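As a plain string of letters, each chain reads:
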Amino acid sequence: MNRDRLFALLQYPLPQHAISRLAGQLADARTPWIRDTFIQRFARHYNVDMSEALNPDLNSYHSFNDFFTRPLRPDARPIDSGIVSPADGVLSQFGRIDHGTLMQAKGHAYSLTALLGGDEAAASDLREGSFATVYLSPRDYHRVHMPLEGRLIRTIYVPGRLFSVNQATAREVPGLFARNERLVCLFETELGPMALVLVGAMIVAGIETVWSGQVTPLSRQPHSNDWAKGDVTLGKGDEMGRFHLGSSVVMCLPKAYTFNETLTPGMKIRLGQQLAPDPDIPADTLTPEELA
């Protein structure tokens, strides 16, 4: 048995939620020796680049979570043209959504409808579109930003397991992203519907959004919120959420766009880096001013 398979199998019997909630309590601790020990050792072990942080002083953070979700300097991540990466991390997979199926890893696919919490109406708008999955490693910046300007339509909290999310579990845990706890955020954009799915994982103690604060953990029941009558509109490059400890974000778009040929699965990417050039926007989505 290979190491990846053993690593994945050992996670099935673990009390994943209890471990993650305990990790969350420790990450929120403000006791100086707990806070400082975690921050200093973590930054050293993962070689965290604090020169990009808005506040580079490790000793000034109130808790490990404050450090982990640290903001960057405004000029640290220029936003390219076209469709851009929503986060720093590893571009684990990307490409076409093939008849409602997404690629998880070589030889492993999963259902778009399952990813979106069983919402068949939302899935129908995206089933022949494009997707990109970004894995945020421990050393990465852990805020998620908008790849396009969009207006929030609905959010769906989907309870689930909390398997670790990395290349090993992507290869060994079937339907990983559609099994883990996650928050589905549905937006309307100039290209049509878009889904950003923030996927939880082992040790991930919470997911936040900029419009409603901390969302997970919730009860073990699915929960949907309708935002269509609200006015939550976020510009391209604006922050939309963050992870308390790391995981992955899956971006789903309504059409099969051509991704840049320089991109390969497993490569490092940065927030704001172009994934696909400016696509043609249908004329009926443009404003009269833009048509003039």
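A. How the structure looks around the pattern of salt bridges. Inspection of every chain in the model, using the stated rule, returns twelve salt bridges. Asp36 is the salt-bridge partner of Arg35, the closest N and O atoms lying 2.9 Å from each other. Residue classification places Arg35 among the buried positions, given a relative accessible area of 16%. Glu239 is the salt-bridge partner of Arg242, the closest N and O atoms lying 2.8 Å from each other. When sorted by exposure, Arg242 lands in the same class as Glu239, which is buried. One salt-bridge network, in which partners are shared between bridges, spans Glu52, Arg77, Asp88 and Arg270.

B. Molecular detail of a nonpolar patch on the surface. The grouping of Leu22, Leu26 and Phe38 at the surface amounts to a nonpolar patch, some 260 Å² of accessible area in total. Note that Leu22 resides in helix H2 (residues 16-28).

C. Expanded view of the pairing of strand S7 (residues 150-158). Pairing geometry for S7 and strand S8 (residues 182-189), over eight bridges, is antiparallel. Looking at S8, one finds that Arg154 is bridged to Leu186. With two bridges connecting them, S7 and strand S13 (residues 233-234) associate as antiparallel partners. Looking at S13, one finds that Gly150 is bridged to Leu234. In the sheet, S7 pairs with strand S12 (residues 223-226) via four bridges, with the strands oriented antiparallel. Note that in S12 the partner of Tyr157 across the bridge is His223.

D. Inspection of the environment of Asp140 at higher detail. Within the secondary structure, Asp140 is located in the loop between strand S5 (130-135) and strand S6 (143-145). Taking relative accessible area as the criterion, Asp140 reaches 5% and is therefore assigned buried. Each C-alpha atom of the pair Asp140 and Thr69 lies 9.7 Å from the other, and the pair is 71 residues apart in sequence. Not counting residues within four places of it along the chain, the set of residues in contact with Asp140 comprises Arg70, Asp88, Gly89, Tyr135 and Lys268. Among the polar contacts made by the side chain of Asp140, one reaches the side chain of Lys268 at a distance of 2.9 Å.

E. Main features of the layout of surface pockets. There is about 210 Å³ of room inside the second largest pocket. In this structure, the second largest pocket is lined by 15 residues; those nearest its centre are Glu52, Arg77, Asp88, Arg139 and Asp140. Residue composition of the lining of the second largest pocket, grouped by class: five nonpolar, one polar and nine charged.

F. Layout of the side chain of Ser92. Mapped onto the fold, Ser92 is located in strand S2 (residues 89-96). The contacts of Ser92, once residues within four sequence positions are left out, are Thr133, Pro265 and Gly266.

G. Summary view of the side chain of Arg35. Relative to the helices and strands, Arg35 is located in helix H3 (residues 32-45). Once residues within four sequence positions are removed from consideration, Arg35 is found in contact with Ala29, Arg30, Tyr61, His62, Ser63 and Phe64.

H. The nonpolar core, seen in detail. Membership of the largest hydrophobic core comes to 35 residues, with the highest contact counts inside it found for Ile83, Phe187, Trp211 and Met240. The set of elements that each furnish at least two residues to this core consists of S2, S5, S7, S8, strand S9 (192-199), strand S14 (239-244), strand S15 (248-253) and strand S17 (274-276). Leave out the neighbours within four places in its chain, and Trp211 touches Leu152, Thr155, Cys185, Phe187, Trp227, Val232, Leu234 and Met240. Of all hydrophobic cores here, the second largest spans 28 residues; its members include Leu115, Ala122, Leu186 and Val199.

Calculation criteria
Residue numbers run consecutively from 1 along every chain, following the written order of its sequence. Whole-chain, interface and lining totals are the exception, using all residues; otherwise, since this is a predicted model, local features are given only for residues with pLDDT of at least 70 and side-chain atom pairs are given and counted only at 80 or more. Working from all heavy atoms in the structure, the side-chain values ignore hydrogens and water. In what follows, salt bridge is the name for a side-chain nitrogen of Lys or Arg lying within 4 Å of a carboxyl oxygen of Asp or Glu. For the exposure calls, accessible area comes from a 1.4 Å probe over protein chains only, and a residue counts as buried if that area is under 20% of its type's maximum, exposed if over 50%, partly exposed in between. What goes into a patch is any residue over 30% in relative accessible area without a salt bridge, connected to like charges within 9 Å or, for nonpolar side chains (Val, Leu, Ile, Met, Phe, Trp, Tyr), within 5 Å. Where accessible areas are quoted, they stem from the Shrake-Rupley method and a 1.4 Å probe; at the residue level, only the protein chains shown are allowed to cover. Numbered from the N terminus, helices here are DSSP runs of H or I no shorter than four residues, and strands are runs of E no shorter than two. In this scheme, strands are said to pair when DSSP sees at least two bridges between them. The contact definition used throughout considers only heavy atoms, calling two residues in contact when any of these lie within 4.5 Å. Under the rule applied, a polar contact is a pair of N or O atoms within 3.5 Å (in protein, one hydrogen donor and one hydrogen acceptor; residues adjacent in sequence only if both atoms are side-chain atoms). A cavity, in this analysis, means grid points on a 1 Å lattice covering only the protein atoms where a 1.4 Å probe fits yet has no way out; a pocket is instead an open set bounded by protein on both sides within 12 Å along at least five of seven lines, and a residue lines either one if it has an atom within 4 Å of a point. Grid points are joined across faces, edges and corners, and a volume is the space filled by probe spheres set on the points. As a working rule, the residues Ala, Val, Leu, Ile, Met, Phe, Trp, Tyr, Cys and Pro are called nonpolar, Asp, Glu, Lys and Arg charged, and the rest polar, with Gly in that last group. Side-chain atoms within 4.5 Å link the members of a nonpolar core, which is a set of buried Ala, Val, Leu, Ile, Met, Phe, Trp, Tyr and Cys residues.

Functional significance is not addressed by these values, which are geometric in nature.
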